[in-house]
Amino acid sequence: WRSIKHTLYRINKSYPLFILFLILLGLSIKNIIVCRHETSVTIKNAQNKAIQITTENAENIDTLLKKITFVGQSIAQDLRTGYLSEDDITTRIQRDVKENNIITEIILLRADGEQAFLRSTNPEIQTSSIENISKTKWYTQAMEQGTTWLINTDKNEPSTQPTATYACTFFNKNNEPQG
């Protein structure tokens, strides 16, 4: 201990700048370690927050998709059972759009010959040709698969948020596809 004390005294007396350098070096190393630790903690907290937000958003999206599916299936079921007559369709789909602010548009298309009809909450679609609408991807996939989800993106506006289209086939009382 005595020799260490004597050596430090001699260094301090001979090299005061060296001692100051060692002190500053030690403080700098401490600050670097503290900064790295705080950065690590901040990144970890940000990751946890991102996971939490993603989980909550996924649950919200799932709820919205189930709601949209329910409305579509409900209309299809009411058409199949005869509870919803052709005369009431326009009133029903307008009410469903008003009550469900996540639904922007409802289109019902029956493209089977003499009983063909088109009902839509969108005036532009309502005046469209049944033949043209029956060739759309949402209609053909729903008729083939029973139900389908499509993601709609605007290729001309890539910054626009995509929308989703849900389509389901509705059947008559004999479970024959009607549209």
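For the structure itself, consult the block above.
Attention in this report is confined to the structure presented alongside it. Just so you know, these numbers come straight off a predicted model, no measurement behind them.

## Thoughts on the overall build of the protein
Next, step 1: Tallying secondary structure elements over the protein gives 6 helices and 4 strands in all.
Next, step 2: Each helix and strand of the protein, placed in order from N terminus to C terminus, yields the pattern α-α-α-β-β-α-α-α-β-β.
Next, step 3: Radius of gyration (C-alpha) of the protein: 34 Å, far over the 16 Å computed for a compact globule of 179 residues.
Next, step 4: Seen along its three principal axes, the alpha-carbon backbone of the protein occupies a region of about 110 × 35 × 30 Å.
Next, step 5: With 179 residues in all, the protein has 22% of them scored as buried.
Next, step 6: Relative to all contacts within the protein whose residues are 6 or more apart in sequence, the contacts with residues 24 or more apart total 41%.
Next, step 7: A total of about 13600 Å² of accessible surface is found on the protein, and carbon and sulfur atoms cover 56% of it.
Next, step 8: The average position of the 20 basic charges and that of the 19 acidic charges among the side chains of the protein differ by 25 Å.

## As for a nonpolar patch on the surface
Next, step 1: Where nonpolar side chains cluster on the molecular surface, the patch consists of Phe18, Phe21, Leu22, Leu25, Ile29 and Ile33 and spans about 560 Å² of accessible area.
Next, step 2: Position of isoleucine 33 among the secondary structure elements: in helix H2 (residues 16-81).

## Describing the side chain of threonine 148
Next, step 1: Note on placement: threonine 148 falls in strand S3 (residues 147-152).
Next, step 2: A distance of 2.9 Å separates the side chain of threonine 148 from the side chain of glutamine 141, its partner in a polar contact.

## Describing the packing of aromatic side chains
Next, step 1: For the coordinates displayed, the defined rule picks out 2 aromatic pairs.
Next, step 2: Residues tryptophan 149 and tyrosine 166 carry aromatic rings whose centres are separated by 4.9 Å and whose planes lie at 50° to one another, so their mutual orientation is tilted. Taken together, the positions of tryptophan 149 in strand S3 and tyrosine 166 in strand S4 (residues 163-168) put the pair 17 residues apart, joining distant regions of the chain.
Next, step 3: A relative accessible area of 34% places tryptophan 149 in the partly exposed class.

Definitions and cut-offs
Along every chain, residues carry numbers that run from 1 in the direction the sequence is written. The predicted nature of this model means local features are confined to residues of pLDDT at least 70 and side-chain atom pairs, given and counted, to a pLDDT of 80 or more, with totals for whole chains, interfaces and linings taken over all residues. No hydrogens and no water enter the side-chain calculation; it runs on all heavy atoms of the structure. We count a stretch as a helix when DSSP gives it H or I for four or more residues in a row; a strand needs E for two or more, and each element gets its number in order from the N terminus. Two things to know: the radius of gyration comes from C-alpha atoms, and the globule rule equals 2.2 Å times the number of residues to the power 0.38. Partly exposed describes any residue whose relative accessible area lies between the buried limit of under 20% and the exposed limit of over 50%, with all areas from a 1.4 Å probe on protein chains only and scaled to the type maximum. Residue contacts are counted whenever heavy atoms from the two residues lie within 4.5 Å of one another. Per-residue accessibility takes into account occlusion by the displayed protein chains alone, with areas from the Shrake-Rupley method and a 1.4 Å probe. We score Asp and Glu as negative and Lys and Arg as positive, and we do not count His or the chain ends. We put the charge of a Lys on NZ, of an Arg on CZ, of an Asp on CG and of a Glu on CD. The residues that make up patches have over 30% relative accessible area and no salt bridge, and they are joined within 9 Å when like-charged or within 5 Å when they are Val, Leu, Ile, Met, Phe, Trp or Tyr. By salt bridge we mean one thing: a side-chain nitrogen of Lys or Arg within 4 Å of a carboxyl oxygen of Asp or Glu. Polar contacts here mean pairs of N or O atoms no more than 3.5 Å apart (in protein, one a potential hydrogen donor and the other a potential acceptor; neighbouring residues in sequence count only if both atoms are side-chain atoms). Only Phe, Tyr and Trp rings are paired, with Trp represented by its six-membered ring, and only when their centres lie within 6.5 Å; those with planes under 30 degrees apart are stacked, over 60 edge-to-face, the remainder tilted.

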